[in-house]
Amino acid sequence: MSPAPLVRLVSLDVGYTLGEPSGTTLTQRLVELSPIPVRRAKQIAQQILHTLDPRSDATGPQTVCAALGLAPSAFPHDHRPPGFVLWPGAVEAVARLARVVPVVTLSNVSRWDEQETDVASLLAPHLRAHHPSWQLGFAKPDPLAVQTVARLHGRDPAEVLHVGDSFDYDVRGALAAGAQALWIASRPPSAEELRLLAEHPGRVAVVPDLARAVRRIEQTILPSTSFTRSTP
């Protein structure tokens, strides 16, 4: 087994990795309204709602409603976006990472829900960039999400380490893109998840929380960084 390439860019998921919304999101409201089973409705919302820029696509609400089995009039135009609350230690964690490797965020989020939150400002000055899915036009686990971020920062996807709490979106998305993954898992992996991890030796690590994710990245990168700096 060959070693994984050196990590030259870390992309961080935002929701439930660095913090959480302070209220109900538009995605959650639509999933509750939809007659489609919750898991499938959430996937549809991720694929459509989170990749729409309503400033340039006025038909977006109708498209989402049709996919979710709702009448166009059911779209919650009265939705008030919740704020976003960073968890204790999140800014410090990002600051520590930024000292050893460039850090960006890669978040599945709708334009509607991000109107009241400036993630880049919340994490300033430690981020190189914030990449919400509605701006990229791609949402995890679509491999183009990670691949586009890698291209924007002049990196090969294999040099990107994506960190997040969702196996389905963060881990699967990173692996499909050819990147590395660090899964913050609050529970033991299932048998199916363990099988997928075994298929990608050296490309995925599992940690229980953000603090240990930071320590693992520091331990992985710092020896290589020190060696590189000391080499003529």
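Sequence order as written defines residue numbering, which begins from 1 separately in each chain. Local features in this predicted model are restricted to residues of pLDDT 70 or higher, and side-chain atom pairs are both shown and tallied only at a pLDDT of 80 or more, whereas totals for entire chains, interfaces and linings draw on every residue. The side-chain numbers reported here are obtained from all heavy atoms of the structure, hydrogens and water having been left aside.

Attention shifts here to the nonpolar core. As used here, the term nonpolar core means buried Ala, Val, Leu, Ile, Met, Phe, Trp, Tyr and Cys residues forming a set that is joined through side-chain atoms within 4.5 Å. Throughout this description, buried means an accessible area under 20% of the type-specific maximum (1.4 Å probe, protein chains only), exposed means over 50%, and partly exposed covers the range between. The biggest cluster of nonpolar side chains holds 27 residues, and the ones touching the most others in it are Val10, Leu12, Val103, Val163, Leu182 and Ile217. Strands here mean DSSP runs of E at least two residues long; helices mean DSSP runs of H or I at least four residues long; both are numbered from the N terminus. Taken together, the elements giving at least two residues each to this core come down to strand 1 (9-12), helix 4 (90-98), strand 6 (160-164), strand 7 (180-184), strand 8 (204-207) and helix 11 (210-230). Looking at this core element by element, the count peaks at five residues for helix 11. When near neighbours in sequence (up to four residues on either side) are disregarded, Val10 contacts Val101, Pro102, Val103, Val104, Leu161, Val163 and Ile217. One finds Ala129, Ala150, Ala177 and Trp183 within the second-largest nonpolar core, a separate group that totals 21 residues. Any pair of residues with heavy atoms lying within 4.5 Å of one another is described as a contacting pair.

With that settled, the discussion passes to the confidence of the model for the protein chain. Regions with low pLDDT carry predicted coordinates that are not meant to be interpreted in detail. Note: pLDDT gives the predictor's confidence per residue, expressed from 0 to 100. Averaged over every residue, the pLDDT of the protein chain is 92; the share at 70 or more is 94%. The model gives residues 226-232 a pLDDT under 50, and that stretch makes zero contacts with residues more than four places away or in other chains.

Convention adopted: a line fitted to C-alpha atoms gives each axis, helices being fitted over their contacting stretch, and angles between N-to-C directions are expressed from 0 to 180 degrees. Viewed as axis vectors pointing N to C, helix 9 (residues 167-177) and helix 10 (residues 191-198) meet at an angle of 15 degrees, and their least axial separation amounts to 12 Å. In terms of orientation, helix 9 lies roughly parallel with respect to helix 10. Where helix 9 crosses over helix 10, the handedness of that crossing is left-handed. Judged by residue contacts, Phe167, Val171, Arg172 and Leu175 of helix 9 engage Glu192, Glu193, Leu196 and Leu197 from helix 10. Nonpolar residues are Ala, Val, Leu, Ile, Met, Phe, Trp, Tyr, Cys and Pro. Charged residues are Asp, Glu, Lys and Arg, and all others, Gly as well, are polar. By residue class, the composition of the contact of helix 9 with helix 10 is five nonpolar, no polar and three charged. For this classification, under 35 degrees means roughly parallel, over 145 means roughly antiparallel, 65 to 115 means roughly perpendicular, and everything else is oblique. Crossing handedness follows the turn of the near helix against the far one: under a right angle anticlockwise gives a left-handed crossing, and clockwise gives a right-handed one.

Attention now goes to the side chain of His130. Within the element layout of this structure, His130 appears in strand 5 (residues 129-132). Judged by relative accessible area, which is 16%, His130 ranks as buried. Separated by 2.5 Å, the side chains of His130 and Thr105 make a polar contact. For this analysis, a polar contact is any N or O atom pair within 3.5 Å, provided that within protein one partner can donate a hydrogen and the other can accept it, and provided that sequence-adjacent residues contribute only side-chain to side-chain pairs. A distance of 2.6 Å separates the side chain of His130 from the side chain of Glu114, its partner in a polar contact. For His130, the residues in contact, after removing those within four places along its chain, are Val14, Thr105, Ser107, Glu114, Val119, Ala120 and Gln135.

This paragraph deals with the layout of surface pockets. Here the largest pocket is characterised by a volume of approximately 970 Å³. Using a 1 Å grid laid over the protein atoms alone, points where a 1.4 Å probe fits but cannot get out form a cavity; open sets with protein on both sides within 12 Å along at least 5 of 7 lines form a pocket; any residue with an atom within 4 Å of a point counts as lining. Lining of the largest pocket is provided by 41 residues; of these, Gly15, Tyr16, Lys42, Gln46 and Asn108 occupy positions nearest its centre. Those elements giving two or more residues to the lining of the largest pocket turn out to be helix 1 (26-33), helix 2 (38-48), helix 5 (111-114), helix 9, strand 7 and helix 10. No other element matches helix 9, which puts five residues into the lining of the largest pocket. Of the residues in the lining of the largest pocket, the class split is 14 nonpolar, 14 polar and 13 charged. Grid points are joined across faces, edges and corners, and a volume is the space filled by probe spheres set on the points. What the second largest pocket holds in volume is close to 330 Å³. Forming the walls of the second largest pocket are 17 residues, and the residues nearest its centre are Ala4, Val7, Gln180, Gly202 and Thr220. When contributions to the lining of the second largest pocket are tallied by element, the ones reaching two or more residues are strand 7, strand 8 and helix 11. Broken down by element, the residue count for the lining of the second largest pocket peaks at five residues, all from helix 11. Taken together, the residues that form the lining of the second largest pocket break down as 11 nonpolar, four polar and two charged.

The next thing to look at is the environment of Arg212. Here Arg212 lies in helix 11. The class for Arg212 is partly exposed, based on a relative accessible area of 40%. For the pair Arg212 and Ile184, spaced 28 residues apart in sequence, the C-alpha to C-alpha distance is 8.8 Å.

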